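Letter by letter, the chains look like this.
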Amino acid sequence: DGGITQSPKYLFRKEGQNVTLSCEQNLNHDAMYWYRQDPGQGLRLIYYSQIVNDFQKGDIAEGYSVSREKKESFPLTVTSAQKNPTAFYLCASSPGTGTGGRRSPLHFGNGTRLTVT
Amino acid sequence: DAKTTQPPSMDCAEGRAANLPCNHSTISGNEYVYWYRQIHSQGPQYIIHGLKNNETNEMASLIITEDRKSSTLILPHATLRDTAVYYCTLRLTDKLIFGTGTRLQVFP
């Protein structure tokens, strides 16, 4: 079945360590996204990528980094500079971008819950 | 980016229609209205979207007012499995901005 795979489902790290969250899609989608969700809150956009080797900052990019070396993969690194990294992280993808893309829904993975102590 | 406003919570009896409102008074002419829902600890699930006309699919109906400043998601026969947080969002280009949504509780 086509879809988005995020791994692992739960991740624990010590403060000061960088950690990379995996996101893979086999939907052949051009665009990919990372969102962060805190308890009782909506989703906030961290980074998004419209095409391989290109990505843009979202609303809360500080303390995060991404890469898009392959169409199907969009890993997110939570660096030690992120002051409050404990959260639920969601990856999504979409067939298109720009004017045509707004007619296409985002497809989400089931998230990675990161806990930093 | 235009914002959406939704009531924080709603209740609905099982088998009855659930009508979830959304206000988007600053919507621009080319922004689509999207609805997603999220069951606890899962990724959001796409429900339906529209631009100007009312839309219906196997999950729900979307009613958009003529001035496009508000919309209503209708679940025609709510079941216990429809208990979730429902998000009304707007999409112009690549960014999809989520608010805090409506927590729908379906009771027996």
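Rules used throughout
As a convention, each chain's residues are numbered from 1 in the sequence order in which they are written. Chain A is the first chain written and ligand 1 is the first ligand written, with later ones labelled in order. Under the rules for a predicted model, residues below a pLDDT of 70 receive no local features and side-chain atom pairs below 80 are neither given nor counted, while totals for whole chains, interfaces and linings still include all residues. To get the side-chain values, all heavy atoms of the structure are used, and hydrogens and water are removed first. Each helix is a run of H or I in the DSSP string that is no shorter than four residues. Each strand is a run of E no shorter than two, and both are numbered from the N terminus. As a reference, a globule follows 2.2 Å times the number of residues to the power 0.38, and the radius of gyration itself is taken over C-alpha atoms. Exposed residues in this analysis have more than 50% of their type's maximum accessible area, buried residues have under 20%, and partly exposed residues fall in between, with area computed by a 1.4 Å probe over protein chains only. Should any heavy atoms of two residues lie within 4.5 Å, those residues are counted as being in contact. What sets the accessible areas is the Shrake-Rupley method with a 1.4 Å probe; for residues, cover comes only from the shown protein chains. Neither His nor the chain ends is counted toward charge; the positive residues are Lys and Arg and the negative residues Asp and Glu. Where a charge lies is defined by one atom per residue type: Lys uses NZ, Arg uses CZ, Asp uses CG and Glu uses CD. Two strands pair if DSSP finds at least two bridges between them. Criterion for a disulfide: a pair of cysteine sulfur atoms within 2.5 Å. Note on method: axes are straight lines fitted to C-alpha atoms, helices fitted across the in-contact stretch only, with angles between N-to-C directions ranging 0 to 180 degrees. Here, a salt bridge means any Lys or Arg side-chain nitrogen found within 4 Å of an Asp or Glu carboxyl oxygen. We call two N or O atoms a polar contact when they sit within 3.5 Å, provided that within protein one can donate a hydrogen and the other can accept it, with sequence-adjacent residues counted only if both atoms are side-chain atoms. The nonpolar class holds Ala, Val, Leu, Ile, Met, Phe, Trp, Tyr, Cys and Pro. Asp, Glu, Lys and Arg form the charged class, and all remaining residues, Gly among them, are polar.

Visitor: Sorry, what's going on with the overall build of chain B here?
Guide: Helix and strand content of chain B: zero helices and ten strands. Taken from the N to the C terminus, the helices and strands of chain B come in the order β-β-β-β-β-β-β-β-β-β. The C-alpha atoms of chain B give 13 Å as radius of gyration, which agrees with the globular expectation for 108 residues (13 Å, within 12%). For the C-alpha atoms alone, the extent of chain B along its principal axes is close to 40 × 30 × 20 Å. For chain B, the proportion of its 108 residues judged to be buried stands at 44%. If you take every contact in chain B between residues at least 6 apart in sequence, the share linking residues at least 24 apart comes to 55%. For chain B, the computed accessible surface area is about 5400 Å², with 49% contributed by carbon and sulfur atoms. Of the side-chain charges in chain B, 10 are positive and 10 negative, and the distance between the mean point of each set is 4 Å.

Visitor: How should I be thinking about the environment of A:Arg13 in this particular structure?
Guide: Residue and element names in this part refer to chain A. Residue position: Arg13 is located in strand β2 (residues 10-13). In the structure, Arg13 is positioned 40 residues away from Asn53 in sequence and 28 Å away in space, judged by C-alpha atoms. Contacts of Arg13, omitting those with residues within four sequence positions, involve Asn18, Val19, Thr115, Val116 and Thr117.

Visitor: Would you take a moment to explain the pairing of strand β3 (residues 32-38) of chain B for this structure?
Guide: Each regular strand displays side chains that alternate between the two surfaces of the sheet. Residues and elements named next belong to chain B. The buried fraction of β3 is high, at seven of seven residues. Residues Tyr32, Tyr34, Tyr36 and Gln38 point to one face of β3 and Val33, Trp35 and Arg37 to the other, with burial holding for every one of them. Relative to strand β4 (residues 45-50), β3 is paired through five bridges, and the arrangement is antiparallel. Along β4, the bridge assignment pairs Tyr36 with Tyr46. Two successive antiparallel strands, β3 and β4, enclose a turn made up of six residues, where Ser41 displays a positive phi of approximately 65°.

Visitor: Would you mind going over the sheet that holds strand β7 (residues 70-75) of chain B with me for this structure?
Guide: Strand pairing within a sheet occurs via backbone hydrogen bonds; the two strands may be parallel or antiparallel. Residue and element names in this part refer to chain B. If you walk across this open sheet you meet the four strands as β2-β7-β6-β5, and the pairing is antiparallel. Among the strands making up the open sheet, the edge pair consists of β2 (18-23) and β5 (55-56). Relative to β7, β2 runs antiparallel, the two being bridged by six bridges. Residue pairing in the sheet places Pro21 in a bridge with Thr72 of β7.

Visitor: Just to check I follow, could you spell out the state of the cysteines for this structure?
Guide: Working definition of a disulfide: a covalent bond connecting the sulfur atoms of two cysteines. This structure, assessed with the given rule, holds two disulfides over all chains. Sulfur-sulfur distance for the disulfide between A:Cys23 and A:Cys91 comes to 1.9 Å. On the S-S bond that ties A:Cys23 to A:Cys91, the torsion sits near -75°, and the link is left-handed. In this pair, A:Cys23 is assigned in strand β3 (residues 19-25) and A:Cys91 in strand β9 (residues 87-94), connecting sequence segments 68 residues apart. Looking at B:Cys12, it has no disulfide partner, and the nearest cysteine sulfur is the one in B:Cys22, 18 Å off.

Visitor: What is the right way to read the sheet that holds β3(A) from this model?
Guide: Residues and elements named next belong to chain A. Strand order in the open sheet formed by four strands is β1-β3-β8-β7, with antiparallel pairing between adjacent strands. This sheet does not close on itself; its edge strands, each paired only once, are β1 (4-7) and β7 (64-66). The mean angle between the axes of side-by-side strands here comes to 20°, regardless of whether they run parallel or antiparallel. As paired strands, β1 and β3 are joined by four bridges and run antiparallel to one another. Residue pairing in the sheet places Ile4 in a bridge with Gln25 of β3.

Visitor: Could you clarify how one ought to interpret the interface of chain B and chain A in this entry?
Guide: Many analyses report the size of an interface as the accessible area lost when the parts associate. Of the residues lining the interface, 22 residues belong to chain B; the matching set on chain A comes to 28 residues. Summed over the shared surface of chain B and chain A, the number is zero salt bridges. At the boundary of chain B with chain A, the tally comes to nine residue pairs in polar contact (both at pLDDT 80 or more). At the level of secondary structure, the elements contributing two or more residues to the side of chain B that touches chain A comprise β3, β4, β8 (84-91) and β9 (96-97) of chain B. The element that contributes the greatest number of residues to the side of chain B that touches chain A is β3(B), accounting for four residues. Its residues assigned to classes, the side of chain B that touches chain A shows ten nonpolar, nine polar and three charged.

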